[in-house]
Amino acid sequence: MGIRTGAQYIEAVKSRQPEVWMSGRKITNVFEEPVFKRPILEMANLYDMQHDPKYQDQITHICEETGERVNNAFLVPRNYEDLQKRRAVFEVFARATFGLMGRTPDFLNVVVTSMYSNADFLDKYNPDWAVNIKNYYRYIRDNDLFLTHAIINPQNDRSKSSHEQNDMFTHLGAVKETPEGLVVRGAKMLATLAPITDEVIIYSFPGFKPGDERYALAFALPIDTPGLRMLCREPMQDGTRPLFDHPLASRFEEMDAVLVFDDVLVPWDRVFLYNNVEAANLLYPKTGIAQQPAHQSGVRGLIKLQFAAEVACRVADSIGVDVFLNVQDQLGELIQSVETIRALLRVAEHEFETLPSGEVMPGGVSLETIRGLMPTVYPRAIEVIQIIGAGGLLMSPTGADFAAPEIAGDMERYYLGREGISAEQRVKIFKLAWDLCGEAFGQRLLQYERYYTGDPIRKRAIFYNQFKRNNTFSLVDEALNLPDFVKDKTTV
């Protein structure tokens, strides 16, 4: 089939009956549920962009294997030009959602592509695993599917490994083998957008210990597989808020869920890794599933940070406070943060690394630097919006107030911005800013960026230790071994 349309994606959502629980209710019609409807339409828009002549050649290509047009997220990059083709789809999708949706279809399609292109790693442990991931890649590529993932254990007792928990199946683990497949039980999180996706792929961060064999798993299933239950977090919006009052929250709410597997059968041809601690711990470094999707998240993070910086600038401009030195300093700081991320992305793409397979990946040091900076610079951007907007962020009226003739004069007089900015313009800008920096929706985005790749302190420590192993700090040795020109008579 190749690239699908938004209408085809919506029909797929309507055709499924996943078990979804939210606010104590079992959701029986995902498409018609107000919390999910607008995000579904936003995803449909991304699928339609693949067919738009304005974007099609940028974000899709003709698959050599099938002759069908497929998304560039399924392209295995072999050179710099291929990395730019991948970047194009990352950027187009991120701009369409202002970088506010972290689980657009391109992200996990890149992950599966990386596992596919490095399947030789899996083949060393079990040839069937390599065959399975190759077939799965072709399946989601040729049907243009939308995946979520769940790769974190529930926050129970973090001082203990999976096999040391009081309940053997608090964390997702294998129960038994059957002729049809593997039976699994337990929970994983944080499955973003799970209720509106086609499939879920399960794998885990490294860190398995001896005894954790049953938890060393990687597999994929349709989202409506029997026994798979989604426990959604509290919604950040109810799906009925007016667009005037909540222009972001009403469109881009990404529902997160805990996935509960109640003795779910995973067919053997959907198992990519099982019962092998060593393989599970090496899955990330050996298949590129950290570095390749870091390219997507870096581009998305750039757009998200740029959007936040632009919101801060427009808030300041709308009330004329950007003439003050302290405000200019804060806005300049944000713009420099954006340019820093932009430059790091370009360096990563130009200084790509070539794997033995011939696949290329953007430079790891630059990508990890972006991952280390985003948990700091994005919260700072939100803080600057809060500081500049000040009390005005708390005092915005609603769209209904502008529609009331009795107070129309008051609205125009007291909510007016600087010269040239109408009351309605100013309020719209402040509404947008409050959605981003004050509402529960915006605070979820903030927390999401802080912990996007895990504990930022631990991640930076890992980065340092890897950097130390790969670098000799030779400049220090050169400084310590400079010749003494005073004693060297040949220099006189």
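On a predicted model such as this, the values are computed, not experimentally measured, just so you know.

Participant: Got a minute to help me understand empty space enclosed by the protein in this structure?
Facilitator: It is a probe the size of a water molecule, rolled over the atoms, that shows where empty space is left. In total, this model carries 2 cavities of 30 Å³ or more according to the counting rule given. In this structure, the largest cavity occupies an estimated 90 Å³ of space. What lines the largest cavity is Ala294, Ser297, Gly298, Arg300, Ile370, Arg371, Met374, Pro375, Glu449, Tyr452 and Thr453. Looking at the lining of the largest cavity, the elements that each hand over two or more residues are helix 10 (291-318) and helix 12 (364-389). Grouping the constituent residues of the lining of the largest cavity by class yields 5 nonpolar, 3 polar and 3 charged. Taken as a whole, the second largest cavity encloses approximately 40 Å³ of empty space. Forming the boundary of the second largest cavity are Tyr203, Ser204, Phe208, Ala216, Leu217, Ala218, Leu273, Ala280 and Leu283. Going through the elements one at a time, strand 9 (217-222) and helix 9 (277-287) are the ones with two or more residues in the lining of the second largest cavity. Grouping the constituent residues of the lining of the second largest cavity by class yields 8 nonpolar, 1 polar and no charged.

Participant: I tried to follow the UniProt feature "domain: HpaB/PvcC/4-BUDH C-terminal" (unreviewed entry) in the protein on my own but got confused; where do I start?
Facilitator: Residues annotated in UniProt with the feature "domain: HpaB/PvcC/4-BUDH C-terminal" (unreviewed entry) correspond here to residues 280-480. Annotation note: span residues 280-480, helix share 73%, strand share 2%, distance between end C-alpha atoms 43 Å.

Participant: What is the right way to look at the side chain of Gln306 in this model?
Facilitator: One can find Gln306 in helix 10. With relative accessibility at 16%, the residue Gln306 sits in the buried group.

Participant: I tried to follow the packing of aromatic side chains on my own but got confused; where do I start?
Facilitator: For the structure shown, the criterion picks out 16 aromatic pairs. Between Phe98 and Phe252, the ring centres sit 5.9 Å apart and the planes meet at 75°, which makes this aromatic pair edge-to-face. Highlighted residues: Phe98 in the loop between helix 4 (80-96) and helix 5 (105-117) and Phe252 in helix 8 (residues 249-252), separated in sequence by 154 residues. Exposure remark for Phe252: the relative accessible area of 3% places this residue in the buried category.

Participant: Where do I start with the sheet that holds strand 1 (residues 19-22) in this structure?
Facilitator: Strand pairing in a sheet takes place through backbone hydrogen bonds and is either antiparallel or parallel in direction. With respect to topology, 6 strands assemble into an open sheet ordered 2-1-10-11-7-6, the strand pairing being mixed. The open sheet has two edge strands with one neighbour each: strand 2 (25-27) and strand 6 (173-177). Between one strand axis and the next, the sheet turns through 20° on average, direction left out of account. Note: strand 6 against strand 7 (residues 181-188), 4 bridges, orientation antiparallel. Within strand 7, the residue paired with Gly173 across the bridge is Arg185.

Participant: What is the right way to look at the packing of helix 10 against helix 11 (residues 325-350) in this model?
Facilitator: Where helix 10 meets helix 11, the axes come as close as 10 Å, and the angle between the chain directions of the two elements is 160°. Classed by the angle they form, the pair helix 10 and helix 11 counts as roughly antiparallel. Between helix 10 and helix 11 the crossing geometry is left-handed. Contact residues: helix 10 offers His295, Gly298, Val299, Leu302, Leu305, Gln306, Ala309, Ala312, Cys313 and Ala316, while helix 11 offers Val327, Leu331, Leu334, Ile335, Ser337, Val338, Ile341, Arg342, Leu345 and Glu349.

Quick notes on the rules
Residues numbered from 1 in each chain as written. Predicted model: local features only at pLDDT ≥ 70, side-chain atom pairs only at ≥ 80, totals over all residues. Heavy atoms only, no water. 1 Å grid on protein atoms, 1.4 Å probe; cavity = no way out; pocket = protein on both sides within 12 Å on 5 of 7 lines; lining within 4 Å. Points joined across faces, edges and corners; volume = space filled by probe spheres on them. Helix = DSSP H or I, 4+ residues; strand = E, 2+ residues; numbered from the N terminus. Nonpolar A, V, L, I, M, F, W, Y, C, P; charged D, E, K, R; others polar. UniProt positions renumbered as here; feature names shortened; annotations may be inferred. Buried < 20%, exposed > 50% of the residue type's maximum accessible area, 1.4 Å probe, protein only. Phe/Tyr/Trp six-rings, centres within 6.5 Å; stacked < 30°, edge-to-face > 60°. Pairing = 2+ DSSP bridges. Axes fitted to C-alpha atoms, helices over the stretch in contact; angles between N-to-C directions. Parallel < 35°, antiparallel > 145°, perpendicular 65-115°, else oblique. Left-handed = near helix turned anticlockwise from the far one by under 90°. Contact = heavy atoms within 4.5 Å.

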